[in-house]
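What follows is each chain in one-letter form.
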Amino acid sequence: MAKVISFQRGLWEQLYVPEIVRGMSVTLKHFLYNTLLRPWKSEICTVRYPEEKRIYPERFRGVHRLMKREDGTVRCVACMMCSTVCPANCIHIEAGEREDETSIEKYPVRFDIDELVCVVCGFCVEACPCDAIRMDGGQHMPPVEHRHEAYFRKDDLLNRGSRGVAVQGGAGPGWRETYQPLGDTRQVYDREGNLGGKIKGS
Ligand code: SF4
Ligand code: SF4
């Protein structure tokens, strides 16, 4: 049977004020220590975001981007695999027929992602057979003031994209020799979406 230990407050604890003063003195001591001695002996763990950023893991999933072909057109062929696999149902694609003389039949007339509904699972990236959608830009979802600003259109997604490196049918058995790293995933962006800023610890 559990033993019950009761705590009897003495007169000193029942006065409360001395204990409040004692608590505040501990707070004040840490405040002065961390502010006056900073940065030489600081124990503050807070990162001064957005000027400082932590090093992200290599497989960090950031905001979506649509990749481009060599000629600058979107790599997406509107196969709907990403929107089908998406558990949050936040990808909306409208397919159109390509009229130029290529073996590629379709392209996305409309490609929207509702980033506030997205659960950042990365399934869309895994499902895409064309290296057309990625989340590897190292960019966070930017803060928005209005709901519609988090609804990214095709042009927004393409502006974040760059030229894809995937090869139709795969690169073959010697792919390691020709593999180009996707870039420094620790890259950081300022509030305007430009590369820059300082990475804490680098
Ligand atoms: S990361 Fe997941 S939830 Fe977000 S769009 Fe892709 S599949 Fe949908
Ligand atoms: S992004 Fe990839 S998976 Fe999604 S529709 Fe385009 S080609 Fe298909």
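Please refer to the structure higher up on the page.
Since the model is a prediction, treat every value here as computed from it, not as a measurement. (Residues numbered from 1 in each chain as written. Chains lettered and ligands numbered in written order. Predicted model: local features only at pLDDT ≥ 70, side-chain atom pairs only at ≥ 80, totals over all residues. Heavy atoms only, no water.)

Notes on the sheet that holds strand S4 (residues 106-114)
- The strand order across the open sheet formed by 3 strands is S3-S4-S6, and the pairing between neighbours is antiparallel. In the strand order of this sheet, the two ends are held by strand S3 (91-97) and strand S6 (151-152), each with one partner.
- Two strands pair when backbone bridges link them, and S4 and S6 are joined in this way by 2 bridges, in the antiparallel orientation. Bridge pairing in S6 links isoleucine 113 to phenylalanine 152. (Pairing = 2+ DSSP bridges. Helix = DSSP H or I, 4+ residues; strand = E, 2+ residues; numbered from the N terminus.)

As for the pattern of salt bridges
- Summed over all chains, the structure comprises 9 salt bridges.
- In this structure, the salt-bridge partner of glutamate 126 is arginine 59, at a minimum N-O distance of 3.7 Å. One end of the pair, glutamate 126, is in helix H4 (residues 123-127); the other, arginine 59, is in the loop between strand S1 (52-53) and strand S2 (65-66), and 67 residues separate them in sequence.
- Look at glutamate 126 and you get exposed, because its relative accessible area is 59%.
- When the shortest N-O distance is used, the salt bridge between aspartate 131 and arginine 134 registers 2.8 Å. (Salt bridge = Lys/Arg side-chain N within 4 Å of Asp/Glu carboxyl O. Buried < 20%, exposed > 50% of the residue type's maximum accessible area, 1.4 Å probe, protein only.)

With respect to the side chain of arginine 98
- Looking at the element boundaries, arginine 98 is found in the loop between S3 and S4.
- Those residues within four positions of arginine 98 in sequence are excluded, and the remaining contacts are Arg69, Thr73, Ile104, Glu105, Lys106 and Tyr107. (Contact = heavy atoms within 4.5 Å.)

What about the pairing of S4?
- Where S3 meets S4, 7 bridges bridge the pair, whose relative direction is antiparallel. Across the sheet, residue isoleucine 91 finds its bridge partner in S4, namely isoleucine 113.

Some words on the site of ligand 1
- Lining the immediate surroundings of ligand 1 are 14 residues, of which Cys86, Cys118, Cys121, Gly122 and Cys124 lie closest.
- When grouped by side-chain class, the residues that make up the shell around ligand 1 number 12 nonpolar, 2 polar and no charged. (Near = heavy atom within 4 Å. Nonpolar A, V, L, I, M, F, W, Y, C, P; charged D, E, K, R; others polar.)

Digging into the environment of asparagine 159
- Following the sequence through the fold, asparagine 159 ends up in helix H5 (residues 154-160).
- We classify asparagine 159 as exposed; its relative accessible area is 63%.
- Along the primary structure asparagine 159 and leucine 66 are separated by 93 residues, whereas in three dimensions their C-alpha atoms are 7.9 Å apart.

Here's the deal with the nonpolar core
- Core analysis: the biggest nonpolar cluster contains 23 residues, and Leu66, Cys90, Ile91, Phe111, Ile113 and Ile133 have the highest contact counts within it.
- For this core, the secondary structure elements donating two or more residues are S3, S4 and H5.
- In this view, phenylalanine 111 contacts Leu66, Cys76, Cys82, Ile91, His92, Ile93, Ile133, Phe152, Arg153, Lys154 and Leu157; residues no more than four positions away in its chain are not counted. (Core = buried A, V, L, I, M, F, W, Y, C linked by side-chain atoms within 4.5 Å.)

Concerning a nonpolar patch on the surface
- A cluster of nonpolar side chains, namely Leu28, Phe31, Leu32, Leu36 and Leu37, defines an oily patch on the protein surface of about 480 Å² accessible area.
- With respect to the helices and strands, the residue leucine 36 is situated in helix H2 (residues 17-36). (Patch = residues over 30% accessible without salt bridge, like charges linked within 9 Å, V, L, I, M, F, W, Y side chains within 5 Å. Areas by Shrake-Rupley, 256 points an atom, 1.4 Å probe, with all protein chains shown as cover.)

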